[in-house]
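# Chains, contacts and geometry: an overview
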Amino acid sequence: MFSKEAIEISEELQRSWKERRAQMYKGFEFEGTTDSEIPLKTVYSPQDIDSINFKEIGMPGEYPYTRGVYPLQYQYQPLMAQQGFGYGLPENTRERYEYLRAEGMTGYRGMEAPYNVSPDIPGIVGLDPDDPEARGWVGWSGPSISTIRDFEILFDGLPLDRTHIAFFGVSDPSIVFMALLCAYLEKRGIPLEKMNGNVNNCFIAQNTYYDQPHLEGEGALKVATELVKFCSKRMPRWGTLNCHGYSIEESGGTAAQEVAFVISCAIELTRACIKVGLDPDVFVPRFSMQLACGRDFFEQIAKIRAARRIWAKIFKERFGCKNPKALQLRIHIQTAGAAMTYQQPLNNALRACLFTLSAILGGVQAVWTTTYDEAYSLPCEEAQILALRTRQIIMEESNIPNVTDPLGGSYYMEWLTSKVEEETFELIDEIERMGGFVKCWGTGWLKGEIDRAYRKWKESIEKGEKTLVGVNKYVIPEEKRPIKFSMDPKWEEMAIERIKDFKAKRDNEEVKRALEELRIVSQKVNEEWPSGGDLMPALIDAAKANATLGEMSKILKTEFGWRFTY
Amino acid sequence: MPIKCLITKSQIDAHDKGARFIATALKEAGMEVVYTRFATPDEIVETALQEDVDVIGISLLCGGYTYTISRVMELLKEKKMDALLMVGGQIPDDEGERILEMGIDRIFSQGATAAEVIDYITSKVPKKEPAPGA
């Protein structure tokens, strides 16, 4: 990267630096690592990055997109404030949405405020609120939504074709939520083709992070592929894979594990989509990633930069993609929730600011800034606004967004980006050697790897080897922390009453017919894979006939297999 | 005879690393640990009875605590079972008193260490004599 002369000068300078260091700090050694245990030097110099080909760093908007996927970044396209905010009933969520919209939860250029829908705990495993297993969890962590009627409460009257809608935290039932959305859109007369948004549709979170049962490996892959197939034809602007790396970081995974596992998941889904006859140049551009930004400031930035570069290389070299959009990885960041502490909660607002700043310096497309009350309740209004303001202060006051990839060219940043890239590629190749993502996931290898990383970190906190302010250092006796947000137990009862009423008033013969049709189609898709037909139209028909999330999910669970990993 | 603990979480309650971390730590401290995921609170009591445990630890992160705890207490009373009852996870401070009144012996919320949990159990559960013939 540098001229021979520049390296000679740098080496000379380093020699005198070393001498001086030895003189001044006789016998003193400092051994730093990143949060992922990458050993660090105390300073980086040109020779640390001399072996990197300058083209690997390049320019924003140019392959391999280390510095960003677009030639102009926040100067043209603002960072989307993609907050999560739902709880209780759909109307509670709608009210919170309107409030945050008024306070400047802004979307992409020319778009309305984005609408993030992360369903409640029962919803993310495809259970209706009246299911006995859902008892106690209805409306927690998100709104209870399971019928087309719930979608009406969430969305009626909004200009949906100018709103970015995202279903967050949903693994397997992604396709069912999409069917309910499509049925709702058809009812409102909004063309599917015009819709912007995305859905996780990845099979990582439920297994590695939530510890919930999930669709059997191969079955999950088939169902996810069916959604990509449908959207490639009917919803060209919809994101069909927002791969959930966040769940890996939150479970204690390292930076390399987070990126390697999501890319391996995308590789597996790409192969399956090719098998059903889809063209990667058409569907890969609709893939994206949801990563976390956590404790280690520079490592997070390096991770984001490395993720873009690895993605570009893999889809160019291994899948032969020619469409530049297939090589441009768009990233959404949710700032780390697990890094938020229960002790001294206001400290979390400062952590969230650092995490948000690392996401912005990494040049991502959208950020969800986690609220300071993350460790003890769902977000209260005050915390939500502070999260929004964090982003607004960085984006609109600090002048930081005036320059794209401001850390590009830093010896440390480029070295660390390459280091994370190298470790990530090793892991991706290891997964390939072991038979691919679905296999490694099914045997529990993947979860075991993350568990080990978490245990190491947690023990280092308990032993005080690593610092967690307010938890293992600078501890103060605290008063009781009042919760500013609480769930009304009435909401669960209301959700149950509501779905019972919905089921009583619909044409149940029609529901039975549509569900039986869905069962036949599901069986055929599963058994005659990859040419057994199309799953999504049968799901949309059932949704239009007023079948519920739980009813449709139950059929998929039975036909494609439903279990815990171990 | 080692102290026997049931560490359990709901099948659908999202997140598990806390419960698994504690389960492993208790095992390493020489206790016998049964780790399960329950579909309904009834299964907690059923398992506790079958396994004849000394300690029941329920991990609750994403809500669900009011219903789960009250149902477990109801069933334990009904079955006349006696065990040390702990809950862990994300339980708001404001709810603490109410939960203790429901009959839970101890709440371990965020920041609690494995050592605290182990100390608490060993201080509360009397050393057991080997069963006759065991």
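The preceding data block contains the structure.
Everything in this summary refers to the structure shown in the same document. Because the structure is a prediction, the values reported are computed rather than measured.

Before going further, it helps to examine the overall build of chain B. Regarding its fold elements, chain B presents 5 helices and 5 strands. The C-alpha radius of gyration of chain B comes to 14 Å, within 12% of the 14 Å expected for a compact globule of 134 residues. Along the three orthogonal principal directions, the C-alpha set of chain B runs to about 45 × 35 × 25 Å. Sorting the 134 residues of chain B into buried and exposed places 57% on the buried side. A separation threshold of at least 6 residues defines the contact pool for chain B, and within that pool the share at least 24 residues apart is 70%. As displayed, chain B offers around 6100 Å² of accessible surface, 50% of which is attributable to carbon and sulfur atoms. Side-chain charges in chain B split into 15 positive and 22 negative, and the spacing between the mean points of these groups amounts to 3 Å.

A separate point is the pairing of strand β4 (residues 84-89) of chain B. Residues and elements named next belong to chain B. Here β4 lies mainly inside the structure; 6 of its 6 residues are buried. Of the two faces of β4, both are covered, the one formed by L84, M86 and G88 as well as the one formed by L85, V87 and G89. As paired elements, strand β3 (residues 55-60) and β4 share 6 bridges and run parallel to each other. Bridged to G57 within β4 is M86. What joins β3 to β4 is helix α3 (residues 65-79), and the crossover it makes is right-handed. As paired strands, β4 and strand β5 (residues 106-109) are joined by 4 bridges and run parallel to one another. Bridged to G89 within β5 is S109. Each parallel crossover has a hand, and for β4 linked through helix α4 (residues 93-101) to β5 it is right-handed.

Time to look at helix α15 (residues 347-361) of chain A. Three or four residues apart is the spacing at which side chains of an α-helix point the same way, because the helix has 3.6 residues per turn. All names here are of chain A. Over its 15 residues, α15 extends 21 Å from the first C-alpha to the last, a length consistent with the 21 Å expected when each residue adds 1.5 Å. For α15, the tally of buried residues reaches 11 of 15 residues, placing the bulk of the element in the interior. In this structure, the buried residues of α15 make contact with β10 (287-293), α13 (297-318), β11 (330-335), β12 (366-368) and α16 (381-396). In the segment just after α15, G363 is the residue with positive phi, at about 75°.

Let us look at the packing of aromatic side chains. For any pair of aromatic rings, the description rests on two quantities: the centre-to-centre distance and the angle between the ring planes. Residues and elements named next belong to chain A. For the structure on display, the rule yields 27 aromatic pairs over all chains. Consider the rings of F283 and F287, whose centres lie 5.6 Å apart with planes at 55°: the pair is tilted. By the burial criterion, F283 is buried, and F287 matches it. Centroid distance F298 to Y412: 5.4 Å. Interplanar angle 65°. Geometry classified as edge-to-face. Remark: Y412 occurs in helix α17 (residues 411-433) and F298 occurs in helix α13; sequence separation between them is 114 residues. Grouped by ring-pair contacts, the aromatic residues F85, Y97, Y115, F151, F155, F167, F177 and Y184 constitute a single cluster.

Time to look at the environment of A:D373. Residues and elements named next belong to chain A. Locating D373 in the fold gives a position in the loop between β12 and α16. Judged by relative accessible area, D373 falls into the buried class, the value being 2%. Distance from D373 to Y342, taken between C-alpha atoms, is 7.9 Å for residues 31 residues apart in sequence. Ignoring anything within four residues of it in the chain, the contact list for D373 reads L378, P379, C380 and A383.

This brings us to the interface of chain B and chain A. The interface is formed by 38 residues belonging to chain B together with 43 residues belonging to chain A. Together, B:I12, B:K17 and B:F21 form the three largest contributors to the area buried by chain B at its contact with chain A, with a combined 22%. Our count for the contact surface shared by chain B and chain A stands at 5 salt bridges. Linking A:K447 and B:D16 is a salt bridge whose minimum nitrogen-to-oxygen distance equals 2.9 Å. Counting the contacts that link chain B with chain A gives 13 residue pairs in polar contact (both at pLDDT 80 or more). Secondary-structure elements contributing two or more residues to the side of chain B that touches chain A are β1 (4-10), α1 (17-28), β2 (32-38), α3, α4 and α5 (114-124) of chain B. Each residue belonging to the side of chain B that touches chain A can be placed in one class, and the counts come to 15 nonpolar, 13 polar and 10 charged.

Moving on, we get to the sheet that holds strand β5 (residues 164-167) of chain A. Residue and element names in this part refer to chain A. The sheet built from 4 strands is open, its strands ordered β4-β5-β6-β8 with parallel pairing. Of all the strands in the sheet, the pair left with one neighbour each is β4 (115-117) and β8 (238-239). Sitting on the sheet, helix α6 (residues 148-155) touches β4 and β5, and the angle it makes with β4 is about 150°. Against the sheet, helix α7 (residues 174-188) engages β5, β6 (196-199) and β8, with an angle of about 145° to β5.

Turning our attention to the pattern of salt bridges. Scanning all chains against the criterion turns up 59 salt bridges over all chains. Across the salt bridge formed by A:K313 and A:E56, the nearest N and O atoms sit 2.8 Å from each other. Residue A:K313 is found in helix α13, and its partner A:E56 is found in helix α3 (residues 54-57); the two are separated by 257 residues along the sequence. A:D211 is the salt-bridge partner of A:K447, the closest N and O atoms lying 3.5 Å from each other. You can see A:K447 sitting in helix α19 (residues 445-462) and its partner A:D211 sitting in the loop between α8 (205-208) and β7 (214-215), a full 236 residues away along the chain. The network of salt bridges with shared partners includes A:D211, A:K447, A:D451, B:K9, B:D16, B:R20 and B:R37.

A word on the sheet that holds β1(B). All names here are of chain B. The parallel open sheet is built from 5 strands, whose spatial order is β2-β1-β3-β4-β5. Each of the sheet's edge strands pairs with one partner strand only, and the pair in question is β2 and β5. In this sheet, adjacent strand axes meet at a mean angle of 20° when their direction is disregarded. The pairing of β1 with β3 spans 5 bridges and is classified as parallel. Residue I7 lies in a different strand from β3, and its bridge partner there is G57. Strands β1, β3, β4 and β5 of the sheet are contacted by α5, whose axis makes an angle of about 170° with β4.

Before going further, it helps to examine the packing of α13(A) against α15(A). All names here are of chain A. Following both chains from N to C, one finds α13 and α15 inclined at 35°, their axes separated by 8 Å at the closest point. As for the relative orientation of α13 and α15, their crossing is right-handed in sense. Along the contact surface, α13 presents F297, Q300, I301 and I304, while α15 presents L354, L357, S358, A359 and L361. Class assignment for the residues of the contact of α13 with α15 results in 7 nonpolar, 2 polar and no charged.

Quick notes on the rules
- Residues numbered from 1 in each chain as written.
- Chains lettered and ligands numbered in written order.
- Predicted model: local features only at pLDDT ≥ 70, side-chain atom pairs only at ≥ 80, totals over all residues.
- Heavy atoms only, no water.
- Helix = DSSP H or I, 4+ residues; strand = E, 2+ residues; numbered from the N terminus.
- Rg over C-alpha atoms; globule rule 2.2 N^0.38 Å.
- Buried < 20%, exposed > 50% of the residue type's maximum accessible area, 1.4 Å probe, protein only.
- Contact = heavy atoms within 4.5 Å.
- Areas by Shrake-Rupley, 256 points an atom, 1.4 Å probe, with all protein chains shown as cover.
- Lys, Arg positive; Asp, Glu negative; His and termini not counted.
- Charge placed at Lys NZ, Arg CZ, Asp CG, Glu CD.
- Pairing = 2+ DSSP bridges.
- Right-handed = clockwise from strand over helix to strand, strands pointing away.
- Expected span 1.5 Å × (residues − 1).
- Phe/Tyr/Trp six-rings, centres within 6.5 Å; stacked < 30°, edge-to-face > 60°.
- Buried area = accessible area lost by both parts, 1.4 Å probe.
- Salt bridge = Lys/Arg side-chain N within 4 Å of Asp/Glu carboxyl O.
- Polar contact = N/O pair within 3.5 Å; in protein donor to acceptor, adjacent residues only side chain to side chain.
- Nonpolar A, V, L, I, M, F, W, Y, C, P; charged D, E, K, R; others polar.
- Axes fitted to C-alpha atoms, helices over the stretch in contact; angles between N-to-C directions.
- Left-handed = near helix turned anticlockwise from the far one by under 90°.

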